[in-house]
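Take a look at the letters that make up each chain.
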Amino acid sequence: TFAAKTPLWTACGMVVAATIASATPSHNSPRAREEAQRLDQLPPITPSSKAIDHSGRKQKGQASYYAPNLAHRKMADGNRMNPQARVAASKTLPLGTTARVVNLQTGKAAVVKIEDRGPFAANRVMDVTPKVAEELAMTKRGVAPVEVKPITVPQPNGETKLGAGAAELTPQQIREVSRIAASR
């Protein structure tokens with residue numbers, strides 16, 4: 001039998017893995033969609049520490065954009081910063097997170113993938129590339145108040161969780177956002 005031939009530590013590992021996998025519902029499941037909608041109803045948080053936030057909650061604060069001299073420098077994920085890519089830096093969102101960023105002054109929005117750590121200025125929640133800054137209409141001032149709504153959030157167990165930004169999207173749109181972000 002399986003139990004007789006399987007060491008106890010292997011069986012325990014299988015139970016733990018199954019428990020972790022069941023804790024993060026798939027993107028298409030009603031439970032995942034309900035959780036995304038619940039997260040979207042919560043008020044945005046202002047990150048106050050450098051702890052990585054896997055919750056998927058909205059964030060609110062100031063965004064700035066990368067200076068031209070940072071082009072092609074290595075980012076936290078190992079890629080080089082491409083000023084024309086839809087990527088961003090966050091102190092608290094996990095690397096690989098896709099998020100919708102909305103300029104609260106103009107209503108303009110863009111989808112980004114978190115590939116770097118920062119910004120390192122007080123009260124800033126995100127640095128974006130010059131391309132994204134143009135899409136958000138923030139190049140003139142350089143800084144803008146934003147709301148960041150995570151769409152997909154990598155979890156420590158290797159799964160991906162839907163965040164508040166997924167509440168407004170269909171499963172097909174979520175897959176498309178993830179595909180675009182993965183292609184960089």
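A few points on the structure.

Cut-offs used in this document
Residues numbered from 1 in each chain as written. Predicted model: local features only at pLDDT ≥ 70, side-chain atom pairs only at ≥ 80, totals over all residues. Heavy atoms only, no water. Helix = DSSP H or I, 4+ residues; strand = E, 2+ residues; numbered from the N terminus. Buried < 20%, exposed > 50% of the residue type's maximum accessible area, 1.4 Å probe, protein only. Contact = heavy atoms within 4.5 Å. Areas by Shrake-Rupley, 256 points an atom, 1.4 Å probe, with all protein chains shown as cover. Pairing = 2+ DSSP bridges. Salt bridge = Lys/Arg side-chain N within 4 Å of Asp/Glu carboxyl O.

## So, the overall build of the chain
And then number 1: Across its full length, the chain carries five helices and seven strands.
And then number 2: The N-to-C order of helical and strand elements in the chain reads α-α-α-β-β-β-β-β-α-β-β-α.
And then number 3: Looking at the chain as a whole, 40% of its 184 residues are labelled buried.
And then number 4: Considering only intrachain contacts with a sequence separation of at least 6, the fraction spanning at least 24 residues in the chain is 68%.
And then number 5: Accessible surface computed for the chain: about 9800 Å², of which carbon and sulfur atoms make up 55%.

## Some words on the pairing of strand 6 (residues 143–154)
And then number 1: Extensive coverage of strand 6 is indicated by the burial of ten of its twelve residues.
And then number 2: Looking at chain direction, strand 1 (residues 59–65) and strand 6 are connected through six bridges and run antiparallel. Counted as the bridge partner of Ala63 is Ala144 from strand 6.
And then number 3: As paired elements, strand 3 (residues 98–103) and strand 6 share six bridges and run antiparallel to each other. Counterpart to Arg100 in the pairing with strand 6 is Lys149.

## Quick look at the environment of Val143
And then number 1: Summarising the element assignment, Val143 is placed in strand 6.
And then number 2: Setting aside anything within four residues of it in sequence, one finds Val143 in contact with Gln62, Ala63, Ser64, Arg124 and Met138.

## Examining the pattern of salt bridges
And then number 1: According to the stated counting rule, one finds seven salt bridges in the structure shown.
And then number 2: Between Lys149 and Asp40 there is a salt bridge, with the nearest N and O atoms lying 2.9 Å from each other. Of this pair, Lys149 sits in strand 6 while Asp40 sits in helix 3 (residues 30–41), and the two are 109 residues apart along the sequence. By the burial criterion, Lys149 is buried, and Asp40 matches it.
And then number 3: Between Lys149 and Glu168 there is a salt bridge, with the nearest N and O atoms lying 2.7 Å from each other. Pair noted here: Lys149 is in strand 6 and Glu168 is in the loop between strand 7 (160–162) and helix 5 (171–183), with a separation of 19 residues, a long-range link.
And then number 4: Glu168 sits in the partly exposed class, given a relative accessible area of 44%.
And then number 5: Taken together, the shared-partner salt bridges in this structure form one network comprising Asp40, Lys58, Arg100, Lys149 and Glu168.

## Observations concerning unusual backbone geometry
Glycine aside, residues mostly have negative phi angles, and peptide bonds mostly take the trans form.
And then number 1: In this chain, Gly118 is followed by Pro119 through a cis amide linkage whose omega measures -5 degrees.
And then number 2: By the secondary structure assignment, Pro119 is in the loop between strand 4 (109–116) and strand 5 (124–128).
And then number 3: The backbone of Ala137 sits at a positive phi, close to 55 degrees, despite the residue not being glycine.
And then number 4: Locating Ala137 in the fold gives a position in the loop between helix 4 (130–135) and strand 6.

Spatial relationships are all this shows, so hold off on functional conclusions.
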